[in-house]
Amino acid sequence: MANSDLETAALDRKAKLQALRRKRDGDGAPDSKRSKDSGGSVASDRPVLKFRNYKPKDEDLQDLQMPRTKPESVEEHIEEHLNAAKNQSNDKDVNLLSLAPRKPDWDLKRDVSKKLERLERRTQRAIVELISGAEFDSLL
């Protein structure tokens, strides 16, 4: 009994699949073959040959050769992009300092700059004292 149940289930599945195929293909015919052409032959699932780069030597296949097409001109597109780029570059001012890389010791100079200012002031005072002391000594 188990075999007959399995066989009936398999037959039911086959019938459903055939019905779905007919519905998908748009055929009302109960057979699973494709629709017939006007010549009476069955339409095949083979892809249609298109010879784009190959020139067939056979006269029957020369009808399938695609006509030569010229590539589209990209010069207009390039000119548009160049003009757009020129307009954009004119609108913005470029800061050269932001483009140039910083020196490797810029952070050290930043951190030490306050201390250097103090030392510079002290150095100037010391120089003034030495000069005034030398002038005072020269007068005596």
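Rules behind the numbers
Residues numbered from 1 in each chain as written. Predicted model: local features only at pLDDT ≥ 70, side-chain atom pairs only at ≥ 80, totals over all residues. Heavy atoms only, no water. Helix = DSSP H or I, 4+ residues; strand = E, 2+ residues; numbered from the N terminus. Buried < 20%, exposed > 50% of the residue type's maximum accessible area, 1.4 Å probe, protein only. Phe/Tyr/Trp six-rings, centres within 6.5 Å; stacked < 30°, edge-to-face > 60°. Salt bridge = Lys/Arg side-chain N within 4 Å of Asp/Glu carboxyl O. pLDDT = per-residue confidence, 0-100. Contact = heavy atoms within 4.5 Å. Patch = residues over 30% accessible without salt bridge, like charges linked within 9 Å, V, L, I, M, F, W, Y side chains within 5 Å. Areas by Shrake-Rupley, 256 points an atom, 1.4 Å probe, with all protein chains shown as cover. Lys, Arg positive; Asp, Glu negative; His and termini not counted. Charge placed at Lys NZ, Arg CZ, Asp CG, Glu CD.

Re the overall build of the protein chain
Here is step 1 of the chain: Looking only at helices and strands, the protein chain has 4 helices and 0 strands in total.
Here is step 2 of the chain: Helices and strands in the protein chain line up, N terminus first, as α-α-α-α.
Here is step 3 of the chain: Burial status across the protein chain gives 1% buried among its 140 residues.

As for the packing of aromatic side chains
Here is step 1 of the chain: Here the structure, examined in full by the defined rule, presents 1 aromatic pair.
Here is step 2 of the chain: Each ring, one from F51 and one from Y54, has its centre 5.7 Å from the other, and the planes form 55°; the classification is tilted.

What about the pattern of salt bridges?
Here is step 1 of the chain: Summed over the entire model, instances satisfying the criterion amount to 2 salt bridges.
Here is step 2 of the chain: Note that D25 and R24 form a salt bridge whose closest N and O atoms lie 3.4 Å from each other.
Here is step 3 of the chain: Overall, the relative accessible area of 31% leaves D25 in the partly exposed class.
Here is step 4 of the chain: Judged by its relative accessible area of 59%, R24 is exposed.

A few points about the confidence of the model for the protein chain
The predicted coordinates ought not to be read in detail in places where the model reports low pLDDT.
Here is step 1 of the chain: Across the protein chain, pLDDT averages 79, with 77% of residues at or above 70.
Here is step 2 of the chain: In the model of the protein chain, helix α3 (residues 96-99) stands out as the element of lowest mean pLDDT, 68, in contrast to helix α1 (residues 2-25), which has the highest, 90.
Here is step 3 of the chain: Note on residues 31-42: pLDDT is under 50 here. Beyond four places in sequence and across chains, it has 12 contacts.

Some remarks on a positive patch on the surface
Here is step 1 of the chain: A cluster of like positive charges, contributed by K114, K115, R118, R121, R122 and R125, occupies part of the molecular surface.
Here is step 2 of the chain: According to the relative accessible area criterion, K114 is exposed, its value standing at 63%.

Let's talk about a negative patch on the surface
Here is step 1 of the chain: A contiguous patch of negative charge on the surface is contributed by D58, E59, D60 and D63.
Here is step 2 of the chain: Among the structural elements, D60 can be located in the loop between α1 and α2 (75-91).

Examining a nonpolar patch on the surface
Here is step 1 of the chain: A cluster of nonpolar side chains, namely V48, L49 and L64, defines an oily patch on the protein surface of about 270 Å² accessible area.
Here is step 2 of the chain: Its place among the elements puts V48 in the loop between α1 and α2.

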